[in-house]
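# Overview (structure and organization)
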Amino acid sequence: QVQLVESGGGLVQPGGSLRLSCEASGSISRIGSMGWYRQAPGKQRELVASITGGGVTNYVDSVKGRFTISRDNAWKMVYLQMNSLKPEDTAVYYCNARIISRTTTDYWGQGTQVTVSS
């Protein structure tokens, strides 16, 4: 079991920045990758960014060059630095941890609201 707690969301003006944090606890040594997803009203949840144990990162095209995912070496903390925010970035952002053994198990945080508005 992995528990995830997000923080750092809020209201920001277009062009502003926010840093989301995700604190993991439990069986963190088994985590293979972590990521940030988001879900806007009326839309499906989408992967925003992910990072593997080897530090390989992946981003959805709409955030490339603006968002950066990072983590500490022990999988205790994962961050999402979001710069040049746009109104279309408004969504609930969820932290995800994935454990792959014989099956794939995903763990989710409770989500944190990010609102980009003037």
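Rules behind the numbers
Residues numbered from 1 in each chain as written. Predicted model: local features only at pLDDT ≥ 70, side-chain atom pairs only at ≥ 80, totals over all residues. Heavy atoms only, no water. Pairing = 2+ DSSP bridges. Helix = DSSP H or I, 4+ residues; strand = E, 2+ residues; numbered from the N terminus. Axes fitted to C-alpha atoms, helices over the stretch in contact; angles between N-to-C directions. Disulfide = S-S within 2.5 Å. Buried < 20%, exposed > 50% of the residue type's maximum accessible area, 1.4 Å probe, protein only.

### What to know about the sheet that holds strand 1 (residues 2-7)
- Here four strands make up an open sheet; going across it, the order is 1-3-8-7 and the pairing antiparallel. Two strands in the sheet have a free side with no partner beyond their single neighbour: strand 1 and strand 7 (67-71). The average angle at which neighbouring strand axes cross in this sheet is 15°, direction not considered.

### Re the state of the cysteines
- For the structure shown, the criterion picks out one disulfide.
- Covalent S-S linkage joins Cys22 and Cys95, the inter-sulfur distance amounting to 2.1 Å. Between Cys22 and Cys95, the S-S dihedral sits near -85°, and the bridge is therefore left-handed. Taken together, the residues span a long stretch of sequence, with Cys22 in strand 3 (residues 18-26) and Cys95 in strand 9 (residues 91-100) at a distance of 73 residues. Here the two residues Cys22 and Cys95 agree in accessibility, since each one is buried.

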